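Spelled out from the first residue to the last, the chains are:
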Amino acid sequence: MTEEELLRVAARLGEHAVEHIDETKLAKAVLARVTTEPVIAARPLHRRLWVLGLAAAATVLLVVKLSLPGAGKAAGAAEASSPTVTVLHELDDLTVPELESVLESLPPPAAVTAHPESPSLDGLDSKSLEQLLRSLEG
Amino acid sequence: MAAVALGIWSQLNAGLAFASSARPMHALSDELLPSDAALVAAYRSGDERAATVLVTRHARALGRYLYGAGAPPASVEDLIQETFFRAFRALQTWRGEASFRSWLFRIGANLRKDLYRREGGRIVLSIEDADLPATSDPEGEAGASEMEQRLRDGLRQLPRLQREVFLLRAQQGMEYEEICAALGTTPGAARVHYHHAVKRLKEMMG
C-alpha cells in the first residue's frame, strides 16, 4: 500500500459512522442539557490542596506521636496519678481510725508483706499515716 | 460584533443544509463566516444560535475522529453529545491557545478513554499506549469498507500519540502547529509520530 492510498482511506475514515447524525437535533439536546442539568461545582484547586496538606500533616503527627518511645507509659502515668490525688483529697476529712480501716482494706504492697517485722501502725499519727499512704500508692 | 456576524451568516445560510466536513461552506467567503472564537463569545453572551452553529460545524468531524480513535460506532453519537455538553460547560477554560476544534477533540478523546476504562477495564492493557480493545465490533463495522476496517484495526495497534497525530493530520487535515497545541507536544515530535504511524500502518495494511 502506498502512502497516498493510506491517506485516501484515512480521509474517509468514519464517514459511515456519522452519516445518520442530525446536527440540529444534537445541538438542541446539548443545549437542553446545558440548561437543565445542574452544575456540579468543583472545589478550587488551592482548597483541595489545602485540605490534602492538612490531612497529610495530621497523619504525620499521629504517626510520630504513636511511634515515640514512652508515649504509652506517659499516658498511663497520667491516668494513674489523677485518681491518687482525688483519693488523697477525700482522705483529708477522715479520722485516724477511719484512715486505718481504709489502709487495711488496701492490698498489702509486696515490699511490706515481704518484710516480716513490719512495725505496727498504732504508733503513727495522722500525718505519718498520710505519708505512708502516699508512699503505698506511689 | 460576534452577534452581528452570526446574524449575517445565519441569513446567508437560511435554507442551506450544513456541510458535514470540518471546514464547511467553502462556497462562502471566509470573511462572512464567524470564527469559532466569535461564536464562543456570542454564546457566552447568551446567543444560543452560536452554540448550534458550533455543533453543526464540528459534530461530524468530531464523530469521525472518535470513531477513528476507537469509539464503538454505537457510542459515537452519545460521545459527541457528551463532548459538546462538557465543552459548553467549560467554555471559560478555553483561552484560544489551541483551536476550538482541537480543544473539542481533546475533550472527546478523554471521554472515549474514560468510556473504554469503564467498559473494558478487565482487559489488561496500558491506557497510555494501547488503550483500545483488541477485538473489533463486526456488527457496528458493517458500514465500513474493508480498507477502512483494516486501517481502524491498524490504528488500534499504534501507541496513543502516533494514533492521534495520524488522525488529526491524515483524517482531519490539521497543520502540525494545531496538532501540537491539541496534544501538548512539539512540532518535531508530532512529525516523528506521524511518520512512524504512516510507516507502521503501511506495513500492517500490506
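Here is what the cut-offs are and how they apply
- Residues numbered from 1 in each chain as written.
- Chains lettered and ligands numbered in written order.
- Predicted model: local features only at pLDDT ≥ 70, side-chain atom pairs only at ≥ 80, totals over all residues.
- Heavy atoms only, no water.
- Helix = DSSP H or I, 4+ residues; strand = E, 2+ residues; numbered from the N terminus.
- Buried < 20%, exposed > 50% of the residue type's maximum accessible area, 1.4 Å probe, protein only.
- Areas by Shrake-Rupley, 256 points an atom, 1.4 Å probe, with all protein chains shown as cover.
- Contact = heavy atoms within 4.5 Å.
- Buried area = accessible area lost by both parts, 1.4 Å probe.
- Salt bridge = Lys/Arg side-chain N within 4 Å of Asp/Glu carboxyl O.

Peer 1: Tell me about the overall build of chain B, and name the residues and values.
Peer 2: The helix and strand inventory of chain B stands at nine helices and zero strands. Mapped from its N terminus to its C terminus, chain B presents α and β elements in the order α-α-α-α-α-α-α-α-α. Across the 206 residues in chain B, those meeting the buried criterion constitute 52%. With the model as given, the accessible surface of chain B reaches about 9600 Å², and the carbon-plus-sulfur share is 53%.

Peer 1: I'd like a rundown of the interface of chain A and chain B, residues and numbers included.
Peer 2: Each partner contributes to the interface: chain A provides 30 residues, whereas chain B provides 39 residues. For the pair chain A and chain B, the summed buried surface comes to about 3300 Å²; carbon and sulfur atoms form 66% of the total. Three residues stand out in chain A for area buried against chain B, namely Met1(A), Leu13(A) and Glu23(A), and they jointly supply 21% of the buried area on that side. Connecting chain A to chain B are two salt bridges.

Peer 1: I'd love a proper account of the pattern of salt bridges, names of residues and values included.
Peer 2: Residues and elements named next belong to chain B. Following the criterion strictly, the structure yields eleven salt bridges over all chains and no others. Across the salt bridge formed by Glu-164 and Arg-160, the nearest N and O atoms sit 3.6 Å from each other. Here the residue Glu-164 and the residue Arg-160 both occupy positions in helix 7 (residues 160-171), the gap between them amounting to four residues, near one helical turn. As far as burial versus exposure is concerned, Glu-164 and Arg-160 are alike and both buried. Here Lys-199 makes a salt bridge to Glu-203, at a shortest N to O gap of 3.5 Å. Taken together, the residues span about one helical turn, with Lys-199 and Glu-203 both in helix 9 (residues 187-205) at a distance of four residues.

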